[in-house]
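Notes for the structure review
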Amino acid sequence: MSAYRDKDPRINGIQTKIRVVPDFPKQGIMFQDITTLLLDPKAFKDTIDLFVERYKGKNISVVAGIEARGFIFGPPIALAIGAKFVPLRKPKKLPGKVISEEYILEYGRDCLEMHVGAVEPGERALVVDDLIATGGTLCAAMNLLERVGAEVVECACVIELPDLKGRERLNGKPLYVLVESH
């Protein structure tokens, strides 16, 4: 599912505010920079509004945001739909007891952690990040949530890089994106 395929008129305004930075963080990566989107209050609000419109009334009790850019989009979505926000963080950033999930991304390995007890069995969760590339980060996030008994309803990203086929790695879990980039 994609808002750009639905021809929502706000999508073009969002897409034009995303800057592409070649060879960052390493040679051959075309980095999709959402910081320029955040500089435009209308485009930023439209981004949040599109997600809120999709998820309001879906009985989602958890919005899990992936560090770091999922922390930008997740909290306003969570507040607007009446859900709690759960940060999924890089290792050694959360105090207390955590569970961890390692994963591979297009330019290395990483790990996500979540507080034990932050999500209860049976809760309905939405995973939020800025971008899906190879899908490794979203899969790790879903694994963390499902390990504690949550139902992952959908993954939501601002940008999809379809050439990297990350959607295929989500094992059929729905993915909603606003912008496709090549």
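Owing to the predicted nature of the structure, the values given are computational and were not obtained by experimental measurement.

1. Here's the deal with the overall build of the protein
- Counting its secondary structure elements, the protein contains 5 helices and 9 strands.
- The secondary structure elements of the protein, listed N-terminal to C-terminal, are α-β-β-α-α-β-α-β-β-β-β-α-β-β.
- Against the compact-globule benchmark of 16 Å for 182 residues, the protein has a radius of gyration of 15 Å, which places it among compact chains.
- Referenced to the eigenvectors of the C-alpha coordinate spread, the extents of the protein come out at roughly 40 × 40 × 30 Å.
- Taken across its 182 residues, the protein has 48% of its residues classed as buried.
- For the protein, restricting intrachain contacts to residue pairs at least 6 apart in sequence, the fraction spanning at least 24 positions comes to 60%.
- Here the protein displays about 8800 Å² of accessible surface, and carbon together with sulfur accounts for 54% of that area.
- For the protein, the distance from the average position of its 25 positive side-chain charges to the average position of its 25 negative side-chain charges is 2 Å.

2. Some thoughts on the sheet that holds strand 4 (residues 84-88)
- The parallel open sheet is built from 5 strands, whose spatial order is 4-3-7-8-9. Each of the sheet's edge strands pairs with one partner strand only, and the pair in question is strand 4 and strand 9 (175-180). Averaged over all pairs of adjacent strands, the angle between strand axes in this sheet comes to 20 degrees, irrespective of strand direction.
- As paired elements, strand 3 (residues 62-66) and strand 4 share 5 bridges and run parallel to each other. What sits directly across from V62, in strand 4, is K84.
- In the packing of helix 3 (residues 41-55) onto the sheet, the strands contacted are strand 7 (124-132), strand 8 (151-160) and strand 9, and the crossing angle to strand 8 comes to about 155 degrees.

3. Quick word on the environment of V148
- Following the sequence through the fold, V148 ends up in the loop between helix 5 (136-147) and strand 8.
- Considering only alpha carbons, one finds V148 and E168, 20 residues apart in sequence, at a separation of 24 Å.
- In this structure V148 touches I99, M114, V119, E120 and P121, once residues within four positions along its chain are discounted.

4. Comments concerning helix 3
- Taking 1.5 Å per residue, 15 residues should reach 21 Å; helix 3 reaches 21 Å between its end C-alpha atoms and fits that length.
- Of the residues making up helix 3, those classed as buried are A43, D46, T47, I48, L50, F51, V52, R54 and Y55.
- Buried residues along helix 3 sit against helix 1 (10-15), helix 2 (35-38), helix 4 (70-81), strand 7, strand 8 and strand 9.
- Residue D40 occupies the N-cap position of helix 3, its side-chain oxygen lying 3.0 Å from the main-chain nitrogen of K42.
- Positive phi shows up at G57, right after helix 3, with a value of about 80 degrees.

5. Some thoughts on the packing of helix 3 against helix 4
- Orientation of helix 3 relative to helix 4, taken along the N-to-C sense of each, is 50 degrees, at an axis distance of 9 Å. Between helix 3 and helix 4, the angle falls in the class oblique. As helix 3 packs across helix 4, the resulting crossing turns out to be right-handed. Of the residues in helix 4, those in contact with F44, T47, I48, F51, V52 and Y55 of helix 3 are I72, F73, P76, I77, A80 and I81.
- Partitioned by chemical class, the residues of the contact of helix 3 with helix 4 number 11 nonpolar, 1 polar and no charged.

6. Describing the pairing of strand 9
- Among the 6 residues of strand 9, 5 are classified as buried, and the element is accordingly described as predominantly covered.
- When strand 8 meets strand 9, the two strands line up parallel, connected through 5 bridges. When the bridges of strand 9 are listed, E160 appears paired with E180.

7. Topic: the packing of aromatic side chains
- Going through the model one piece at a time under the given rule, you end up with 5 aromatic pairs.
- Pairing F24 with F31 gives two aromatic rings, centres 5.1 Å apart and planes at 85 degrees, and the pair type is edge-to-face.
- Residue F24 is classed as partly exposed on the basis of its relative accessible area of 43%.
- Seen from their ring centres, F44 and F73 are 6.0 Å apart, and the 85 degrees between their planes marks the pair as edge-to-face. With F44 in helix 3 and F73 in helix 4, the pair connects residues that are 29 residues apart, well separated along the chain.

Calculation criteria
Residues numbered from 1 in each chain as written. Predicted model: local features only at pLDDT ≥ 70, side-chain atom pairs only at ≥ 80, totals over all residues. Heavy atoms only, no water. Helix = DSSP H or I, 4+ residues; strand = E, 2+ residues; numbered from the N terminus. Rg over C-alpha atoms; globule rule 2.2 N^0.38 Å. Buried < 20%, exposed > 50% of the residue type's maximum accessible area, 1.4 Å probe, protein only. Contact = heavy atoms within 4.5 Å. Areas by Shrake-Rupley, 256 points an atom, 1.4 Å probe, with all protein chains shown as cover. Lys, Arg positive; Asp, Glu negative; His and termini not counted. Charge placed at Lys NZ, Arg CZ, Asp CG, Glu CD. Pairing = 2+ DSSP bridges. Axes fitted to C-alpha atoms, helices over the stretch in contact; angles between N-to-C directions. Expected span 1.5 Å × (residues − 1). Polar contact = N/O pair within 3.5 Å; in protein donor to acceptor, adjacent residues only side chain to side chain. Parallel < 35°, antiparallel > 145°, perpendicular 65-115°, else oblique. Left-handed = near helix turned anticlockwise from the far one by under 90°. Nonpolar A, V, L, I, M, F, W, Y, C, P; charged D, E, K, R; others polar. Phe/Tyr/Trp six-rings, centres within 6.5 Å; stacked < 30°, edge-to-face > 60°.

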